[in-house]
2 protein chains.
Amino acid sequence: MRLSDKVNKMEFSPIRKFNPIAAATEASGVHVYHLNIGQPDIETPDVFMEAIRKFDQKVLAYAESPGLASLQDAIIGYFKPFGVELERKNVLVTSGGSEALSMVFTSILNEGDTVMIPEPYYTNYRTFIKAAAGEVTPITADPDKGYFFADEALLEASYRPTCKAIAVVNPGNPTGTILSKEDMEVICRFAKKHDLWVIADEVYREFAYDGRQMVSFGQLADYADRVIIIDSVSKRFSACGARIGFIICKNDELNSGLMKIAQGRLCCPTLEMIGATALYQLPSNYFDSIRVEYEGRRNVLYEGLSKIPGVKVNKPGGAFYMMVTLPVESAEDFLMFLLEEFRDNNETMMYAPAEGFYATPGLGKNEVRLAYILNQHDLKRSTEILAKALEAYKNR
Amino acid sequence: MRLSDKVNKMEFSPIRKFNPIAAATEASGVHVYHLNIGQPDIETPDVFMEAIRKFDQKVLAYAESPGLASLQDAIIGYFKPFGVELERKNVLVTSGGSEALSMVFTSILNEGDTVMIPEPYYTNYRTFIKAAAGEVTPITADPDKGYFFADEALLEASYRPTCKAIAVVNPGNPTGTILSKEDMEVICRFAKKHDLWVIADEVYREFAYDGRQMVSFGQLADYADRVIIIDSVSKRFSACGARIGFIICKNDELNSGLMKIAQGRLCCPTLEMIGATALYQLPSNYFDSIRVEYEGRRNVLYEGLSKIPGVKVNKPGGAFYMMVTLPVESAEDFLMFLLEEFRDNNETMMYAPAEGFYATPGLGKNEVRLAYILNQHDLKRSTEILAKALEAYKNR
């Protein structure tokens, strides 16, 4: 009895693997500020639970494999203002963006195929790619250039003949980097040249700051046959625990492949799809106050971090993450110090160490990802703790 | 842009692929008795929605990857009367039994590895196995022997060096065949001899009739390191739309591999886990009336079918399916006739054609699976329709 090579090549989530240690810290009565995970404290809109509470069917039955038609229609309506015209057959509801990614990589990767991804990247991409027996081909983005990667020369230099797709999260996790429509065109032209799928993870679509206009890869009609949009209610509506995502795709052949997998797993949870339908029927101005809130948080976190000696920080244009370089050798070792030793007024804080966000060995050891998903007061307090802890760590 | 070999080798669900045709039939005003899918009409216990309606946290947050501790504990408590002692680390909550299977096959199969399965089998096994780049090695069970397969000689004759696991559904889907403790020991001894994992899908555990005692592969302590139990709330509590399942496993290495995948997909839906916790806290006598109900349905369906000339039917000992051989050449063609042409008092019926339940080419063309998940009146009416339709089909 052996495990598969696929699973042996996977790693534990660098975002989640410190959770048991943090839980022990909390159990000892210490307050931990969690900037390690993209779990916002924004309230889930009431319409979600209201719709679910109304469910009165006597039998909680299987739904159809592509998802509730009412949810598909609500999603189609949501995309109209972006100029993205969809039919139901273009919308496949999934158990979170996670299942969406898993289905897509299973559908397009053979053993040894690779997916181009800008690094640092959202680590679960690697898990899903390895589960499909593939590998990551990194596009190494430069922190000093704001992790910008939509550069033809950089893309060409990173390309390998094994590449079957390029995957981008826009706005970016973990970098917060935002692509313009021109940047998207650079990526799509490159993809067309090398006959790659374009996987566009747009779960942070509304979280664009400094007056930036949000665009979607779905708007590039010339490339519609190769674009696969990954989306989710988790961040958009602060409903991470709902596990409702979806795939938008206009390639009939791929949709057919995805549907085979979708039928195999039967369906998504009915109640959560009912709640998600209500979320997608919210007026678009719902996001206005949320955007203002996150932009304020970004500013507070950025200012707090900028004041700490030796800390290098990138001001992100979107999403709710910030990549930060710490004046330490190992961000993982320093995280253990924060969780197990350092206390300030019986409080400490937590980030996601970024070494696991890189495929290139040796990179990211002193980089971390902070999520600005707490209120401004808590974020400020977290930067204070970080500053004091760095000082204590240096002097320990 | 190509699809993967994995997905190209998959097939659409033979259970679900006729759904669009049935939907069109229903849209035209015809009533269709659905004996094609394991979707019971038994009411979901009220405690499920009651627990969910009480949810009052302001943010629907991510849960921990292995599942809510309260649900793990409820599952541990449920297993105690079966003599199966578990710790939380042995219980991984999944998005339905489907995700449980997908995780297991991803964790144990390399490209070209195979899984031994008695045929006819639950077709989604093939989907998950192919998604993990594996194949099915069938153990061809004889309808005339009640599809019994726990026979050492039959197992040895079916074995190939590519086999990495043997997977059984007990009580069986689609056959309803039940294994005794001695049968389980035969299977486990065989698995030990060839160093195979034993995947025991026990989602129908309580549905054992004629006074049969239900046992679990978890009771065979000598084989605990190789047994992987797949389970789910779907059938047990008539909560198919909840999509909550779990894996029970005492092999630490495999649990570690499964946890990597579980962390990658983050978590299961929080609300559904809360509902499932309430279900697993129901008293065990909850199942008594359900069992009586299904046993009565089985008898009605069996009697109705036995009267139809040319129909060969196997009386199942458990689950809620019946394999039936019809006096037609192609059960798929006859199903199209039922859905598109035949009407009796503006009603028709639907089954799952069984050809897709076989890996061996040529088998199962005239076999079908009927699910006795409707009330006795509807089941009786369904057999009447089937009898009349067979007559009309012969004379068309």
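As the structure is a prediction and not an experimental result, all values here were calculated from the model.

Points about the overall build of chain A
Looking only at helices and strands, one finds 13 helices and 13 strands in chain A. By its C-alpha atoms, chain A is 60 × 55 × 55 Å across when sized along the principal axes. Taking contacts inside chain A between residues at least 6 apart in sequence as the whole, the part at least 24 apart equals 76%.

Here's the deal with the environment of A359(A)
All names here are of chain A. Among the secondary structure elements, A359 is positioned in the loop between β12 (352-353) and β13 (367-371). The sequence separation of A359 and E135 amounts to 224 residues, and the corresponding C-alpha distance is 9.4 Å. Non-local contacts of A359, meaning those with residues more than four positions away in its chain, are made with E119, V136 and P138.

Focus on the relation of the copies chain B and chain A
Of the transformation superimposing chain B on chain A, the axial component is 0.0 Å and the angular component is 180°, with the fit at an RMSD of 0.0 Å. Taken together, the rotation and translation describe the operation of a two-fold axis. When C-alpha positions in chain B are compared against the rotation axis, the closest is assigned to R53(B), at 2.7 Å. Interface overlap between copies: 100% of the residues of chain B at the interface are likewise at the interface in chain A, consistent with a symmetric, same-surface contact.

Points about the sheet that holds strand β2 (residues 91-94) of chain A
Residue and element names in this part refer to chain A. In spatial order, the strands read β2-β8-β7-β6-β5-β3-β4; together these seven strands make up an open sheet with mixed pairing. Both outer strands of the open sheet, β2 and β4 (135-140), are each paired with one neighbouring strand and no more. Sheet twist, expressed as the average angle between the axes of neighbouring strands with direction ignored, equals 25°. Relative to strand β7 (residues 227-232), strand β6 (residues 197-201) runs parallel, the two sharing four bridges. Along β7, the bridge assignment pairs I199 with I228. Of the strands in this sheet, β2 and β8 (245-249) are in contact with helix α4 (residues 69-79), which crosses β2 at around 120°.

What about the pairing of β4(A)?
Residue and element names in this part refer to chain A. Bridge analysis of strand β3 (residues 114-119) against β4 gives six bridges, and the strand direction is parallel. Across the sheet, residue M116 finds its bridge partner in β4, namely T137. Following the chain from β3 across helix α6 (residues 124-131) to the adjacent parallel β4, one finds a crossover that is right-handed.

Structural notes on the environment of A387(A)
Topologically, A387(A) is positioned in helix α13 (residues 376-394). A sequence separation of 77 residues divides A387(A) from G310(A), and the C-alpha atoms of the two residues are 10.0 Å apart.

Some points on helix α13 (residues 376-395) of chain B
Helical geometry note: an α-helix holds 3.6 residues per turn, so side chains three or four residues apart project in the same direction. Residues and elements named next belong to chain B. The first and last C-alpha atoms of α13 sit 29 Å apart over 20 residues, in line with the 28 Å expected at 1.5 Å per residue. Of the positions making up α13, those classed as buried are L379, S382, T383, I385, L386, A389 and L390. Down the axis of α13, the buried set is contained in an arc of 165°. They therefore lie on one face. Opposite the buried face of α13, by more than 90 degrees, sit the exposed residues H377 and N395. Those residues of α13 that are buried lie in contact with β1 (31-34), α11 (286-306), α12 (331-340) and β11 (347-350).

Looking at unusual backbone geometry
In this chain, E119(B) is followed by P120(B) through a cis amide linkage whose omega measures 5°. Positionally, P120(B) belongs in the loop between β3 (114-119) and α6 (124-131). Phi at D210(A) takes a positive value of approximately 60°, unusual for a residue other than glycine. Note that D210(A) resides in the loop between β6 and β7. For Y147(B), which is not glycine, the phi torsion reads 60° and is therefore positive. The residue Y147(B) is located in the loop between β4 (135-140) and α7 (152-158) in this model. According to the C-beta neighbour criterion, Y147(B) is buried, with 20 such atoms within 10 Å.

Focus: the interface of chain B and chain A
Taken residue by residue, the interface counts 67 residues in chain B and 67 residues in chain A. Where the side of chain B that touches chain A is concerned, the elements lending two or more residues are α1 (5-9), α3 (46-53), α5 (96-108), α6, α9 (252-264) and α10 (270-280) of chain B. Tallying contributions element by element places α9(B) first for the side of chain B that touches chain A, with eight residues.

Overview of the confidence of the model for chain A
Averaged over every residue, the pLDDT of chain A is 95; residues scoring 70 or more account for 100%. For this predicted complex, the interface confidence score (ipTM) comes to 0.93, while the overall pTM stands at 0.94.

Side note on the domain arrangement of chain A
Bring the parts together and some accessible area is lost; that lost area is often taken as the interface size. Residues and elements named next belong to chain A. Per the domain assignment, the segments of chain A are domain 1 (5-43 + 287-394) and domain 2 (46-280). Summarising the inter-unit geometry, the C-alpha centres of domain 1 and domain 2 are found 25 Å apart. Across the boundary between the two partners, domain 1 contributes 35 residues, which contact 33 residues of domain 2. Sort the elements by how many residues they give to the side of domain 1 that touches domain 2 and helix α11 (residues 286-306) lands first, with five residues. Taken together, the residues that form the side of domain 1 that touches domain 2 break down as 17 nonpolar, 10 polar and eight charged.

A few points about the packing of α6(A) against α9(B)
One way to put it is that α6(A) packs onto α9(B) with a least axis distance of 9 Å and a crossing angle of 125°. As summarised for this structure, α6(A) and α9(B) are arranged oblique, according to the angle between their axes. Where α6(A) crosses over α9(B), the handedness of that crossing is left-handed. Taken together, the residues of α9(B) that come into contact with α6(A) (itself represented by N124(A), T127(A), F128(A) and A131(A)) are K260(B), I261(B) and G264(B). Grouping the amino acids of the contact of α6(A) with α9(B) by side-chain chemistry returns three nonpolar, three polar and one charged.

Here we look at the pairing of β8(A)
Residue and element names in this part refer to chain A. The buried count for β8 comes to five of five residues, which makes it a mostly enclosed element. Here β8 shows a buried face lined by G245, I247 and C249 and a second buried face lined by F246 and I248. Here β2 runs beside β8; their pairing, made up of four bridges, is antiparallel. When the sheet's bridge partners are listed, V93 is paired in β8 with F246.

A word on the nonpolar core
Among the nonpolar cores identified, the biggest contains 271 residues, and V198(A), I228(A), I247(A), V198(B), I228(B) and I247(B) are the most heavily contacted of them. With seven residues, the top contributor of residues to this core is α10(B). Residue contacts for I247(A): discarding those within four places in its chain leaves L92(A), T94(A), A100(A), M103(A), V104(A), I228(A), I230(A) and L258(A).

Here we look at the environment of G96(B)
Looking at where G96(B) falls in the secondary structure, it is placed in helix α5. For G96(B) and Y280(B), which are 184 residues apart along the polypeptide, the C-alpha to C-alpha distance reads 15 Å. Apart from the residues lying within four places of it in its own chain, the contact partners of G96(B) are R265(A), L266(A), S232(B), S234(B), R243(B), I244(B) and G245(B).

Thresholds, definitions, all that
- Residues numbered from 1 in each chain as written.
- Chains lettered and ligands numbered in written order.
- Predicted model: local features only at pLDDT ≥ 70, side-chain atom pairs only at ≥ 80, totals over all residues.
- Helix = DSSP H or I, 4+ residues; strand = E, 2+ residues; numbered from the N terminus.
- Contact = placed C-beta atoms within 7 Å.
- Least-squares fit on C-alpha atoms with pLDDT ≥ 70 in both.
- Pairing = 2+ DSSP bridges.
- Axes fitted to C-alpha atoms, helices over the stretch in contact; angles between N-to-C directions.
- Right-handed = clockwise from strand over helix to strand, strands pointing away.
- Expected span 1.5 Å × (residues − 1).
- Buried ≥ 20, exposed ≤ 12 C-beta atoms within 10 Å, placed from the backbone.
- Arc of directions from axis to C-beta.
- pLDDT = per-residue confidence, 0-100.
- Domains from an automatic or database assignment.
- Nonpolar A, V, L, I, M, F, W, Y, C, P; charged D, E, K, R; others polar.
- Parallel < 35°, antiparallel > 145°, perpendicular 65-115°, else oblique.
- Left-handed = near helix turned anticlockwise from the far one by under 90°.
- Core = buried A, V, L, I, M, F, W, Y, C linked by C-beta atoms within 7 Å.

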